[in-house]
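# Commentary on secondary and tertiary structure
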Amino acid sequence: MISRSAEHCFWLCRHLERINHIARFMSVNSSYILDTNLDIRDQWFPFIIVLGEEKRFLKVHGDLNSVNNELIQNYITWDKNNPVSIIHTVRSARENARIIRDIISSDLWEAINTLWLWLISNRSYNLYVKDQMAFYRIILSNISTIYGILYSSMSEDEAYHFMKLGMMLERANQTARIVDVKSHRISFYEISRRENVIETLYWLNLLKIFSAHEAFLKKSTTFNRKLVAQFLIFENNYPHTIAYCLDNACESLQKLKEITCVTNELNNVEVLLNQISESNIETILKQGLNTFLTSVINGIARICEDIESKFFDPELLFITQSKGHRL
Amino acid sequence: MGIFAQSQQLLHGYHPLQGVYDEVFADTEHFHPNIESVCKMLTRMSHNKFKNCQKIANTNFRRSGVTFTVYSDSEGTEKIFPFDLIPRIIHNQDWQKIDLGLKQRINALNMFLQDIYTDQRILKEKLIPEILVKKSPGYLSCLQGFVPNNGVFINIAGVDLVHDQNGEYLVLEDNLRTPSGVSYVLENRFIMKRLFPDIYSKAHVKPVDEYPIQLKNQLASLMIDKVDDPRVVVLTPGSYNSAYFEHCFLAKCMGCELVKGQDLFVNNDKVYLKTTQGPQRVDVIYRRIDDDFLDPDFFRKDSMLGVRGLMKAYLSGHVILANATGNGIADDKAIYPYVPKMINFYLNEEPIIKQIKTYHCADKQDLAYILSNMENLVIKESSGSGGYGMLVGSMATKEEISRFKALIQQCPEKYIAQPIIELSTCPTFDGTRFGPRRVDLRPFIVSGKQQWVLPGGLTRVALNEGSYIVNSSQGGGSKDTWVLD
């Protein structure tokens with residue numbers, strides 16, 4: 001397929017994955033903070049950090065506003081200048097889909113366009129003001145529809161694998177970032193039962209962000225930092241964990257290497273995956289959970305750069321390696 | 001008044017205009033006899049049903065993004081091309097004449113282009129003033145001497161036709177460079193089939209869905225002698241172009257890749273596509289980019305949309321461009337009056353479809369007539385399009401007429417004039433009631449080794465009451481066109 005189109009496929013799914021994460025976080029967090037009495041600075045601002053928007057937000061809105069929860073929620077959902085706001089990301093996803101309309105199925109295009117048209121209509125903002133949970137739920141429902149169509153109406157060809165690659169890498173990225181930020185802020189001593197309850201709720205909430213609480217409960221009824229982190233990093237059959245995502249990314253990359261003429265130099269996803277599977281939670285906690293997660297985040301960023309240069313920007317040198325096609 | 005009261009429920013109270021041909025009504029009480037049965041079926045529908053169907057159509061277009069972008073609007077907003085559900089109906093007999101007439105016209109125009117870019121016999125015979133050709137911005141002297149494969153310059157043509165007050169079809173103008181609108185034809189037909197399946201099947205309308213396949217086959221046929229499985233691509237300026245939806249739509253329906261200039265490169269005068277599987281040879285390019293922007297090495301240096309070296313590849317016969325470069329001379333409005341002569345000269349035939357009388361401001365006699373008859377004429381720029389830069393004399397104010405007179409006198413060779421044709425009308429819904437609105441017709445003709453005419457085409461309608469301007473950017477909409485089998 002056309003290299004430029006491959007890039008659009010890759011980015012389309014990165015954007016869809018971001019929308020999913022943000023909407024999910026927003027809806028889970030609202031109900032969570034009602035059950036706790038977290039310090040006000042810990043209620044919403046941490047998510048700004050997860051999104052990498054700390055600097056810009058503080059610059060534009062000032063330090064005092066880091067406790068202005070309404071403003072933060074608005075910034076994350078509606079701010080057109082915030083490159084990772086929901087409205088900005090939905091617009092980017094829709095633009096990408098529009099550019100590759102010729103490749104994706106019409107059903108997929110229509111589903112993405114429907115989300116966009118709804119978001120820019122008055123109804124969506126009115127709903128946001130009246131019933132925020134319902135607002136995010138509609139977004140999540142739309143994304144589920146989009147993913148459903150993607151998995152059921154596309155051949156598992158090049159375009160599909162580039163999409164899956166983008167989706168999985170972005171998902172691993174988001175998981176790592178959220179766990180990283182969320183594990184910075186908790187103190188781990190258990191002095192009284194009350195604090196125990198808070199800790200349990202805290203980790204339960206973290207799992208809910210990935211809809212993983214039910215899957216986790218099947219394995220353990222104790223919610224603590226070690227077990228939850230272990231689940232979210234290593235559990236290789238739950239779709240939101242780091243291991244699962246990297247494994248799937250590897251699979252798609254392998255398929256792409258077979259189809260395209262990219263050489264076998266591109267193996268750093270495998271490398272990162274091996275690093276993880278050869279480790280365990282005890283070692284990671286000793287070395288520092290945050291250190292580990294930072295290295296995962298950086299690793300994924302390097303993988304994405306590599307993909308960009310190898311697949312999306314083919315050099316003219318390729319003319320000598322055309323795999324026997326008529327020249 | 002009997003038939004009127006019952007079966008005409010939908011168009012009850014509709015008044016066709018005096019002295020104007022209406023597409024549905026032969027007079028206030030009767031439908032045109034040759035399309036009567038279909039009209040009866042359509043008008044049996046109730047007002048409410050019609051309004052609901054109209055709503056469904058609009059939702060459908062919005063959801064599937066059948067839109068175009070208007071740039072005069074500072075945001076560059078996407079608008080739906082308004083669609084009216086009452087189709088324009090043409091009987092098969094009438095269509096046969098149009099079909100033959102269009103093929104004849106395009107054939108002659110093609111031979112004209114071959115001639116102009118080789119021996120120029122028609123100029124030597126003094127049938128067309130040489131100066132009109134030499135001074136036309138559409139004539140590209142740098143292409144003199146080159147004829148593309150199989151001699152076909154015009155692969156896709158959109159010829160605008162009007163139905164005059166006497167019920168005769170006349171050619172209004174030719175579009176031989178990058179004619180657009182066919183995607184609306186296909187999308188409109190899709191929605192009509194969905195909303196009125198019963199009426200549609202009983203009416204026996206000629207299908208239009210094979211257009212993209214016919215187009216692809218004809219384009220591929222141009223290289224089939226040289227190459228086993230010619231690769232055809234659609235070249236788009238990109239998603240910011242107002243017709244991007246159409247480029248995508250056609251590429252998809254044709255089963256071709258949609259490419260931008262940056263996806264292609266030229267090596268050894270051959271064109272390649274940058275794919276993830278390495279470079280792939282390209283044989284035919286259906287280009288929706290104007291000549292000027294095609295190749296920064298040959299035309300405009302500042303073009304970011306084109307492909308370096310493309311013209312060299314084209315001129316060495318390794319790639320076909322559809323349409324060929326340099327077609328502008330054939331659809332130049334200053335050349336338009338001479339097309340009947342071309343049909344005589346190249347084909348030894350009389351034109352099957354006539355055209356509108358045209359006066360040249362550059363001709364002294366014509367100019368005198370024009371200046372003293374401005375209120376009865378339409379003045380157009382020779383190289384204008386989109387309905388801009390024109391004056392409809394009967395609707396203009398005194399100031400507008402004076403202003404145009406001055407413009408003409410400053411630059412006479414830039415303008416032509418035509419008598420005001422009473423465009424036919426077709427019943428159109430304005431939200432409350434049905435009224436007569438002016439329509440024109442743009443059929444599409446595809447030429448490769450053979451010619452194929454799309455049955456019907458795009459009927460454009462001027463939605464504003466009293467307006468003659470049907471262009472999408474200025475208050476126009478569209479209707480489906482039904483050619484009965």
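Here we summarise the structure given alongside this text. What you see is a predicted model, and the numbers here were worked out from it, not measured in a lab.

What counts, and where the lines are drawn
- Residues numbered from 1 in each chain as written.
- Chains lettered and ligands numbered in written order.
- Predicted model: local features only at pLDDT ≥ 70, side-chain atom pairs only at ≥ 80, totals over all residues.
- Heavy atoms only, no water.
- Helix = DSSP H or I, 4+ residues; strand = E, 2+ residues; numbered from the N terminus.
- Buried < 20%, exposed > 50% of the residue type's maximum accessible area, 1.4 Å probe, protein only.
- Pairing = 2+ DSSP bridges.
- Contact = heavy atoms within 4.5 Å.
- Salt bridge = Lys/Arg side-chain N within 4 Å of Asp/Glu carboxyl O.
- Polar contact = N/O pair within 3.5 Å; in protein donor to acceptor, adjacent residues only side chain to side chain.
- Nonpolar A, V, L, I, M, F, W, Y, C, P; charged D, E, K, R; others polar.
- Axes fitted to C-alpha atoms, helices over the stretch in contact; angles between N-to-C directions.

### Description of unusual backbone geometry
- Between B:A322 and B:N323 the backbone carries a cis peptide bond, its omega angle lying at -5°.
- Inspection of the secondary structure assignment puts B:N323 in the loop between β12 (320-322) and α12 (339-347).
- One non-glycine residue with positive phi stands out, namely A:S211, at about 55°.
- Positionally, A:S211 belongs in the loop between α10 (193-209) and α11 (213-219).
- At B:H204, a residue that is not glycine, the phi angle is positive and equals roughly 55°.
- Relative to the helices and strands, B:H204 is located in the loop between α8 (197-203) and α9 (211-221).

### Regarding the pairing of strand β20 (residues 444-447) of chain B
Residue and element names in this part refer to chain B.
- The alternating pattern of β20 places F444 and V446 and I445 and S447 on opposite faces, both of which are buried.
- Of the pairings in the sheet, the one linking strand β4 (residues 156-163) to β20 comprises three bridges and is antiparallel in character. Bridge assignment links I156 to a residue of β20, and that residue is V446.
- Taken together, the three bridges between β20 and strand β21 (residues 451-453) define a ladder with antiparallel strand orientation. Looking across to β21, one finds that I445 is bridged to V453.
- Connecting β20 to the antiparallel partner β21 that follows it, the hairpin turn spans three residues.

### Considerations on the environment of B:V171
All names here are of chain B.
- By secondary structure assignment, the location of V171 is in strand β5 (residues 169-175).
- Placed 176 residues apart in sequence, V171 and L347 show a C-alpha to C-alpha distance of 18 Å.
- Contact partners of V171, with chain neighbours within four places excluded, come to R105, V159, D160, L161, Y336, I353, K354, Q355 and I356.

### Details of the interface of chain B and chain A
- Taken together, the contact between chain B and chain A spans 31 residues of the former and 34 residues of the latter.
- Between A:E110 and B:R63 there is a salt bridge, with the nearest N and O atoms lying 2.9 Å from each other.
- In this assembly, chain B and chain A are joined by 15 residue pairs in polar contact (both at pLDDT 80 or more).
- Taken together, the elements giving at least two residues each to the side of chain B that touches chain A come down to α3 (47-63), α10 (244-254), β7 (257-259), β8 (264-267), β9 (270-275) and β10 (278-281) of chain B.
- The biggest single contributor to the side of chain B that touches chain A is β9(B), with five residues.
- Its residues assigned to classes, the side of chain B that touches chain A comprises 10 nonpolar, 10 polar and 11 charged.

### Focus on the side chain of A:N69
Residue and element names in this part refer to chain A.
- Here N69 shows up in helix α4 (residues 69-78).
- Judged by relative accessible area, N69 falls into the buried class, the value being 15%.
- Apart from residues lying up to four places away in sequence, N69 is in contact with I40, Q43 and W44.

### Observations concerning the sheet that holds strand β14 (residues 359-360) of chain B
Residue and element names in this part refer to chain B.
- Ordered in space as β14-β17-β15-β16, the four strands form an open sheet in which the pairing is antiparallel. Among the strands making up the open sheet, the edge pair consists of β14 and β16 (390-392).
- Helix α14 (residues 398-410) contacts β15 (377-381), β16 and β17 (415-419) of the sheet and is inclined by roughly 135° relative to β16.

### Quick look at the pattern of salt bridges
- Following the criterion strictly, the structure yields 35 salt bridges over all chains and no others.
- We note a salt bridge from A:K226 to A:E282, for which the minimum N-O separation is 3.1 Å. Linking A:K226 in helix α12 (residues 225-234) with A:E282 in helix α15 (residues 281-287), this pair joins segments that are 56 residues apart in sequence.
- For A:K226, a relative accessible area of 33% puts it in the partly exposed group.
- Looking at A:E282, the relative accessible area reads 43%, which means it is partly exposed.
- The salt bridge involving B:E173 is made with B:K333; its shortest N-O contact spans 3.5 Å.

### Re the sheet that holds strand β6 (residues 232-235) of chain B
All names here are of chain B.
- Strand order in the open sheet formed by four strands is β7-β6-β11-β12, with parallel pairing between adjacent strands. Bordering the open sheet on either side are β7 and β12, each of which pairs with just one other strand. Geometrically, the sheet is characterised by an average inter-axis angle of 30° between neighbouring strands, direction not taken into account.
- In terms of strand pairing, β6 meets β7 through three bridges, oriented parallel. Bridging across to β7, L235 finds its partner in V259.

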